[in-house]
Amino acid sequence: MDYASIKELIGIINSSDLTNFEMEFDGASLKMSKNNNVSAPKTTTTTKEVKAVEASKLEYISESKTEKVVEEVEVKGGTYVNSPIVGTFYASAGSEKPAFVKVGDKVKKGDVLCIIEAMKIMNEIQSEVDGEIVEVLVSNEQMVEYGQKMFRIK
């Protein structure tokens, strides 16, 4: 499950009447809960104390910056090579050997791009297109998920 899917799911749960939500997906679990009826503990305070607390809250609000986070999606051309399995990404055949490909390398359909180890089996991932490697999106020995983008070829 990717970030966008989780974000969408949070929005759906947030706008629903659900207060608790649990889900397991590909060995990962996601738990969400919300409580709309939170009541503050009742205490007795004097007017001076209330004014002091309100003043400190106003100072805190004025000091903190409220910025709207804008996610910029950059549209990039090319073909993405996605992981066909869950496993460990290896850029080369061994620690002393050079990477199969790096940014700037020209590749042809069928060239080996990397190895993904899954359940002690080494799976060679081959290019499905001819082109140039313009981005390597994962690092050596990183865990990759099914469908995760690994390379961009243009």
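Up top is the structure these notes are about.
Now for a description of the structure that goes with this document. (Residues numbered from 1 in each chain as written. Predicted model: local features only at pLDDT ≥ 70, side-chain atom pairs only at ≥ 80, totals over all residues. Heavy atoms only, no water.)

## With respect to the pairing of strand β6 (residues 112-118)
The two faces of the sheet receive side chains in turn, since in a regular strand these alternate between them.
Line of reasoning, step 1. The buried count for β6 comes to 6 of 7 residues, which makes it a mostly enclosed element.
Line of reasoning, step 2. Two elements, β6 and strand β7 (residues 121-126), share 6 bridges in a ladder whose sense is antiparallel. The partner of Val-112 across the bridge, within β7, is Gln-126.
Line of reasoning, step 3. With antiparallel pairing between neighbouring strands as the criterion, β6 and β7 make up a hairpin whose turn holds 2 residues, including Met-119 at a positive phi of roughly 55°. (Buried < 20%, exposed > 50% of the residue type's maximum accessible area, 1.4 Å probe, protein only. Helix = DSSP H or I, 4+ residues; strand = E, 2+ residues; numbered from the N terminus. Pairing = 2+ DSSP bridges.)

## A look at the side chain of Thr-88
Line of reasoning, step 1. Structurally, Thr-88 can be placed in strand β4 (residues 87-90).
Line of reasoning, step 2. Given the relative accessible area of 16%, Thr-88 is considered buried.
Line of reasoning, step 3. Setting aside anything within four residues of it in sequence, one finds Thr-88 in contact with Ile-115, Ile-116, Glu-117, Glu-141, Gln-142 and Met-143. (Contact = heavy atoms within 4.5 Å.)

## Things to note about the packing of aromatic side chains
Line of reasoning, step 1. Counted according to the given criterion, the structure contains 1 aromatic pair.
Line of reasoning, step 2. Relative to Phe-151, the ring of Phe-89 lies with its centre 5.9 Å away and its plane at 50°, an arrangement referred to as tilted. Of the two residues, Phe-89 sits in strand β4 while Phe-151 sits in strand β10 (residues 149-153), which places them 62 residues apart along the sequence. For the residue pair Phe-89 and Phe-151, the accessibility class agrees, reading buried in each case.
Line of reasoning, step 3. Here the basic side chain of Lys-149 rests over the ring of Tyr-80, its NZ or CZ set 5.0 Å away from the ring centre. (Phe/Tyr/Trp six-rings, centres within 6.5 Å; stacked < 30°, edge-to-face > 60°. Lys NZ or Arg CZ within 6 Å of the ring centre and 35° of its normal.)

## Examining the pairing of β4
Line of reasoning, step 1. Judged from the 2 bridges that link them, β4 and strand β9 (residues 143-144) form a sheet pairing that is antiparallel. Counterpart to Gly-87 in the pairing with β9 is Val-144.
Line of reasoning, step 2. Pairing of β4 with β6 involves 3 bridges; the strand directions are antiparallel. Residue pairing across strands places Phe-89 opposite Ile-116, the latter belonging to β6.

## Looking at the environment of Ile-13
Line of reasoning, step 1. Relative to the helices and strands, Ile-13 is located in helix α1 (residues 3-15).
Line of reasoning, step 2. Separated by 20 residues in the primary sequence, Ile-13 and Ser-33 have C-alpha atoms spaced 8.9 Å apart.
Line of reasoning, step 3. If we ignore the near neighbours within four places in the chain, the residues touching Ile-13 are Leu-18, Phe-21, Met-32 and Lys-34.

## What to know about the sheet that holds β6
Line of reasoning, step 1. Reading across the sheet, the 4 strands line up as β7-β6-β4-β9 and stay open at both edges, with antiparallel pairing between neighbours. Every other strand in the sheet has two partners, leaving β7 and β9 as the edge strands with one partner each.

## A look at the pattern of salt bridges
Line of reasoning, step 1. Evaluated as defined, the whole model comprises 3 salt bridges.
Line of reasoning, step 2. For the salt bridge of Asp-105 with Lys-102, the shortest nitrogen-to-oxygen distance reads 3.4 Å.
Line of reasoning, step 3. In this structure Lys-102 comes out as exposed when scored by relative accessible area, which is 53%.
Line of reasoning, step 4. Between Arg-152 and Glu-135 there is a salt bridge, with the nearest N and O atoms lying 2.8 Å from each other. Of this pair, Arg-152 sits in strand β10 while Glu-135 sits in strand β8 (residues 131-136), and the two are 17 residues apart along the sequence.
Line of reasoning, step 5. The class of Arg-152 is buried, set by a relative accessible area of 10%. (Salt bridge = Lys/Arg side-chain N within 4 Å of Asp/Glu carboxyl O.)

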